[in-house]
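# Topology and contacts: notes
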Amino acid sequence: MYVQRCAVCDDPAEPFGALVCSRCRTIPEPVGDHVCEKCGKPLDGEGRLVCSDCAGASHSFDRGAAVFRYRSVSGGMFRFKYQGRAEYAEWYGAKMAERLLNGRNEAMERLRNADFIIPVPISSAKLLVRGYNQAALLARRVSQITGIPVREDILGRGNDTKPMKYMSVPERRQNLKKALIVYGNDVKSKVTMLIDDIYTTGATMDACAGVLKDAGAREVHFLTLAIGADVPDAGPEAADEETYAQRRENPADDQDVRI
Ligand SMILES: [Zn+2]
Ligand SMILES: [Zn+2]
């Protein structure tokens, strides 16, 4: 018999038919209502409208939102992305759809107006190794619940020609943007919503939003499952989501990581 694993702790989910076990349902911490009005990061200080990152940078995307604080769900997300637990998308995607349908702020209203959803692409080399694009799994599930169509044929990513490890932040951004390809002209004048598993510094979202805008998209918003904390000056080591997530192999032992 097929056993559904809990998307939080990976034990068999109980009762039968559940997607997370009852004790884990409240572990992932929602970002809440006090969020950066640009990227959707939770703001812990009173009275601020944008996070420290958005205060000092201009982004190519319009608005963003996320469901959970990354630290509270990092173990499950690591298994989802790197250890074949594609099944977690069912619960994760449902939580994203729930946030999208119930969110009351202006950003959520704009996201709900999206003409279509575009998953953040991974390269074909990565797809071959992983067997699936985790962002596409989430996008399909969100689409299934909300009725907003998903388009997987618009944005593609070529294989990286150079290792990004030794590049500066601007070099990485440039390299990322060069690897992205927009097919056809269906995004012209459209409101689009990118979907990915995580948002940290925005490097990936900015690159994707940049090429979609260049192709004529009117608005580019994003929705992610998780988002990093607002940390002033996170430093170049947090420059791209992929490197960041790979270091998080054992999140429980790493309480001091900066996102
Ligand atoms: Zn559990
Ligand atoms: Zn922000």
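Small disclaimer: the values here were computed from a predicted structure and weren't measured.

### A closer look at helix H8 (residues 203-214)
- Its twelve residues place the ends of H8 17 Å apart at the C-alpha level, agreeing with the 16 Å of an ideal helix rising 1.5 Å per residue.
- In terms of residue burial, H8 counts as a mostly covered element, since nine of its twelve residues are buried.
- Along H8, the residues classified as buried are Ala203, Thr204, Met205, Asp206, Ala207, Cys208, Ala209, Val211 and Leu212.
- Just downstream of H8 lies glycine 216, where phi reads positive at about 105°.

### A look at helix H6 (residues 134-146)
- Spanning 13 residues, H6 covers 19 Å between terminal C-alpha atoms, matching the ideal 18 Å at 1.5 Å per step.
- Taken together, the buried positions of H6 are occupied by Gln134, Ala135, Ala136, Leu137, Leu138, Ala139, Arg141, Val142 and Thr146.
- Elements in contact with the buried residues of H6: helix H2 (74-82), helix H3 (89-102), strand S2 (116-119), strand S5 (191-199) and strand S6 (219-227).
- Directly beyond the C-terminal end of H6, a positive phi value near 85° is found at glycine 147.

### Focus on the confidence of the model for the protein
- When pLDDT is averaged along the protein, the result is 87; 88% of the residues meet or exceed 70.
- Across residues 234-240, where pLDDT falls below 50, the model places 17 contacts with residues more than four positions away in sequence or in other chains.
- The low-confidence segment residues 243-259, where pLDDT is below 50, has 23 contacts with residues more than four positions distant or belonging to other chains.

### Concerning the packing of helix H7 (residues 169-179) against H8
- Two elements in contact, H7 and H8, have axes separated by 9 Å at closest approach and are oriented at 45°. In terms of their interaxial angle, H7 and H8 are classed as oblique. As for how H7 packs across H8, the hand of that crossing is right-handed. For the pair formed by H7 and H8, the contact residues are Arg172, Arg173, Leu176 and Lys177 on the first element and Ala203, Thr204, Asp206, Ala207, Gly210 and Val211 on the second.

Cut-offs applied
- Residues numbered from 1 in each chain as written.
- Chains lettered and ligands numbered in written order.
- Predicted model: local features only at pLDDT ≥ 70, side-chain atom pairs only at ≥ 80, totals over all residues.
- Helix = DSSP H or I, 4+ residues; strand = E, 2+ residues; numbered from the N terminus.
- Expected span 1.5 Å × (residues − 1).
- Buried ≥ 20, exposed ≤ 12 C-beta atoms within 10 Å, placed from the backbone.
- Contact = placed C-beta atoms within 7 Å.
- pLDDT = per-residue confidence, 0-100.
- Axes fitted to C-alpha atoms, helices over the stretch in contact; angles between N-to-C directions.
- Parallel < 35°, antiparallel > 145°, perpendicular 65-115°, else oblique.
- Left-handed = near helix turned anticlockwise from the far one by under 90°.

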